[in-house]
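Geometric and topological summary
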Amino acid sequence: MKRVVVVGMGFGGVRAARELAGQGVEVVLVDRNNYHLFQPLLYQVATAGLEQESIAYPIRAMVRGLPRTRFILAEVTAIDLNGKTIETSSGPISYDYLVVGAGSVTNYFGNQELARHAFDLKRLADGEQLRNHVLTSFERAVAETDPEARKALMTFVIVGGGPTGVEFAGALIELVHFVLSKDYPELNAREARIMLVEAADRLLMAFPEKLSTYAVNKLRTMGVEVLFNRKVTSASATAVELDGVTTIATRTLFWSAGVCAAPLAALLGVEQGPGGRIPVQPDLSLKDHPEVFVIGDMAFLKQDGAALPMVAPVAMQMGIHVAKTILAREWGRPVQPFRYHDKGSMATIGRSAAVATTHGLNLRGYPAWLAWLLLHLYYLIGFRNRILVLLNWGWYYWFHERQVRLITDHEG
């Protein structure tokens, strides 16, 4: 029986595992975490909307129902393409087919100051850490007697006008105005500044311009300061600098201005493309190693003259395609090239406000928000998680309350 090793249990890895299970091959899943993370909702953990456990699902619980599938909790330390073996912290694992989908990490473009002082949202622990920091900032602001220092504690700079930056900015301003304003009556919540900095001339570049305009107008109505054509050039623990000329006193810098392939990509020992991504063949395999596939954010493949975006829908479709390709080879059937079918994009801005585009149809406001809710509930893994998330969303919608206002680790 052939062995397929899947490294990385993100969106692509999960889809590949499900397609391969019970199809006459042994499936070995490898990840350094014992859970699958629903990363699109991580910003809601950071803004006290959801418990971190409600957006993660144990891999072993998932594997229970998958025939001839097992999971190994381990970190991959080396990949021997010629020997068809991966080295891990739990020992070597041989393979007949290898699927690598370890995702991406935040790209600070070589700026170590930004990497040192900025928050990001890529891991489950990041959401809790950022939530702790936001709430601790308000606790410190209550005790602060210096008006300028208090203002800095209540200033939050968000870099990047993509879906993550927009969604985090909207959720944070609602947390401040509707929840923290009641928790901290000693403070004037309207003094808090949420600043969204974008280097381009509009938000949500992947969306039609009308939806981008709606998003920026909605954010500004909510109280978010949106700055276009500005870049953060340096940062410290107490300030950020825009374009080398404007200094903003702040204790919070959130970075969502780009991602690059996970460091695991370098272990493949092949040429890397833009952002450290691995160029793949039309069937998502490596050029000289057709038994090795790269999927998701790590894969670099052009379609219709442009590189496929580093988003979850691409990863999911790649995972399914690779699984079908492996089975087609085993069964002696023709192998088809990968073709991404773009079903649309969406981003939520706030309560009853979102933007969505699909098959030429553009939605905004409540209809887009409802579509966003239903789609995210659908793709969440685990019935319990869906119920918990739905209850939290319903509670906030009706009562403007967020229950997860917990400081679980005090900053030094």
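Parameters and conventions
- Throughout, residues of each chain are indexed from 1 in the direction in which the sequence is written.
- In view of the model being predicted, local features appear only for residues whose pLDDT reaches at least 70, and side-chain atom pairs are presented and counted only at 80 or more, with totals across whole chains, interfaces and linings using the full set of residues.
- The side-chain quantities take in all heavy atoms of the structure and omit both hydrogens and water.
- Strands are runs of DSSP state E lasting at least two residues, helices are runs of H or I lasting at least four, and both sets are numbered from the N terminus onward.
- Within these notes, the globule rule equals 2.2 Å times the number of residues to the 0.38 power, and the radius of gyration is based on C-alpha atoms.
- Exposure classes here rest on a 1.4 Å probe applied to the protein chains alone. A residue is buried below 20% of its type maximum, exposed above 50%, and partly exposed in between.
- Whether two residues are in contact is decided by their heavy atoms: any pair within 4.5 Å suffices.
- Where accessible areas are quoted, they stem from the Shrake-Rupley method and a 1.4 Å probe; at the residue level, only the protein chains shown are allowed to cover.
- Under this rule, positive means Lys or Arg and negative means Asp or Glu; His and the chain ends count for nothing.
- Taken as the charge centre is NZ of Lys, CZ of Arg, CG of Asp or CD of Glu, depending on the residue.
- The convention used is that axes are lines fitted to C-alpha atoms, helices contributing only their stretch in contact, and that angles between N-to-C directions extend from 0 to 180 degrees.
- These descriptions rest on fixed angle ranges, namely under 35 degrees for roughly parallel, over 145 for roughly antiparallel, 65 to 115 for roughly perpendicular, and the rest for oblique.
- By the definition used in this description, the sense in which the near helix is turned from the far one sets the handedness, with an anticlockwise turn below a right angle giving left-handed and a clockwise turn giving right-handed.
- Think of it as three bins: nonpolar holds Ala, Val, Leu, Ile, Met, Phe, Trp, Tyr, Cys and Pro, charged holds Asp, Glu, Lys and Arg, and polar takes everything else, Gly as well.
- Definition used in this section: a nonpolar core is a set of buried Ala, Val, Leu, Ile, Met, Phe, Trp, Tyr and Cys residues joined via side-chain atoms within 4.5 Å.
- For Phe, Tyr and Trp, rings pair up if their centres lie within 6.5 Å, where Trp contributes its six-membered ring, and each pair is then called stacked (planes under 30 degrees apart), edge-to-face (over 60) or tilted (otherwise).
- Criterion for a charge above a ring: Arg CZ or Lys NZ at most 6 Å from the ring centre, at most 35 degrees from the ring normal.
- For each domain, the first and last residues come from an automatic or database assignment.
- Each reported salt bridge corresponds to a side-chain nitrogen of Lys or Arg within 4 Å of a carboxyl oxygen of Asp or Glu.
- Any pair of nitrogen or oxygen atoms within 3.5 Å is treated as a polar contact; in protein, a donor-acceptor pairing is required on top of that, and neighbouring residues in sequence qualify only through side-chain atoms on both sides.

**Considerations on the overall build of the chain**
Looking only at helices and strands, the chain features 11 helices and 27 strands. Computed over its C-alpha atoms, the radius of gyration of the chain comes to 22 Å, within 12% of the 22 Å expected for a compact globule of 412 residues. Seen through its C-alpha atoms, the chain measures out along the principal axes to roughly 70 × 45 × 45 Å. Every one of the 412 residues in the chain was classed for burial, and the buried ones make up 52%. Look at the contacts in the chain between residues 6 or more apart in sequence, and 66% of them connect residues 24 or more apart. In the structure as shown, the chain presents an accessible area of about 18,500 Å², 52% of it carried by carbon and sulfur atoms. Positive and negative charge centroids in the chain, built from 41 and 39 side chains respectively, lie 6 Å apart.

**A word on the packing of helix H5 (residues 124-143) against helix H7 (residues 163-183)**
Between two packed helices, what matters for the description is the angle formed by their axes and the separation of those axes. Contact geometry of H5 with H7 gives a least axis separation of 13 Å together with a crossing angle of 40°. Regarding the angle of H5 to H7, the classification is oblique. In terms of crossing hand, the pair formed by H5 and H7 is right-handed. Touching Leu130, Val134, Leu135 and Phe138 of H5 are Phe168, Leu172, Leu175, Val176 and Leu180, all from H7. Class assignment for the residues of the contact of H5 with H7 results in nine nonpolar, no polar and no charged.

**Quick look at the environment of Ala74**
Within the secondary structure, Ala74 is located in the loop between strand E5 (69-73) and strand E6 (76-80). For the pair Ala74 and Leu29, spaced 45 residues apart in sequence, the C-alpha to C-alpha distance is 9.7 Å. When sequence neighbours within four positions are dropped, the list of residues in contact with Ala74 reads Val30, Asp31, Arg32, Thr88, Ser89 and Ser90.

**A short note on the packing of helix H10 (residues 366-379) against helix H11 (residues 383-399)**
Contact geometry for H10 and H11: axes closest at 9 Å, N-to-C directions at 155°. With respect to H11, the axis of H10 lies roughly antiparallel. Handedness of the crossing formed by H10 with H11: right-handed. Residue-level contacts link Tyr366, Trp369, Trp372, Leu373, His376, Leu377 and Tyr378 of H10 to Arg386, Val389, Leu390, Trp393 and Tyr397 of H11. Classifying every residue of the contact of H10 with H11 gives 10 nonpolar, one polar and one charged.

**Overview of unusual backbone geometry**
Even without glycine at this site, Ala48 takes up a positive phi of about 65°. Relative to the elements of secondary structure, Ala48 occurs in the loop between helix H2 (42-46) and strand E4 (56-58). On the basis of relative accessibility, which here comes to 0%, the residue Ala48 falls in the buried class. For Arg68, which is not glycine, the phi dihedral falls at a positive 55°. Relative to the assigned elements, Arg68 resides in the loop between helix H3 (59-63) and E5.

**Considering the nonpolar core**
Among the nonpolar cores identified, the biggest contains 68 residues, and Leu41, Ile55, Phe138, Ile194 and Ile349 are the most heavily contacted of them. When residues of this core are assigned to their parent elements, the largest contribution, 10 residues, is made by H7. In this view, Ile349 contacts Val166, Gly170, Ala171, Tyr214, Ala215, Lys218, Leu219, Met222, Ala354 and Val355; residues no more than four positions away in its chain are not counted. Ala74, Ala261, Leu308 and Met318 belong to the second largest nonpolar core, which has 54 residues in total.

**Describing the packing of aromatic side chains**
Aromatic ring pairs are defined here through the distance separating the ring centres and the angle between the ring planes. Overall, the coordinates contain 11 aromatic pairs when judged by the stated rule. Judged by centre distance (5.3 Å) and plane angle (25°), the rings of Trp369 and Tyr397 are stacked. A residue pair is termed long-range when its members are at least 10 positions apart, and Trp369 in helix H10 and Tyr397 in helix H11 qualify at 28 residues. We classify Trp369 as buried; its relative accessible area is 11%. What makes Tyr397 partly exposed here is its relative accessible area of 21%. Here Trp372 and Trp393 contribute two aromatic rings whose centre-to-centre distance is 5.5 Å and whose plane-to-plane angle is 40°, an arrangement assigned as tilted. Separated by 21 residues along the polypeptide, Trp372 in helix H10 and Trp393 in helix H11 bring together distant segments of the chain. Accessibility classification places Trp372 together with Trp393 in one group, the buried group. Among the aromatic residues, those joined into a cluster by ring pairs are Tyr366, Trp369, Tyr397 and Trp398. For the cation-ring pair, Arg351 lies above Tyr397, with the distance from its terminal atom to the ring centre recorded as 4.3 Å.

**Structural notes on the domain arrangement of the chain**
Per the domain assignment, the segments of the chain are domain 1 (3-32 + 74-106 + 259-330) and domain 2 (112-257 + 346-399). Joining domain 1 to domain 2, the criterion identifies zero salt bridges. Applying the counting criterion to the domain 1 and domain 2 interface returns two residue pairs in polar contact (both at pLDDT 80 or more). Counting only elements with at least two residues in the side of domain 1 that touches domain 2, the list comes to helix H1 (11-20) and strand E10 (104-106). Of the residues assigned to the side of domain 1 that touches domain 2, the class counts are four nonpolar, two polar and two charged.

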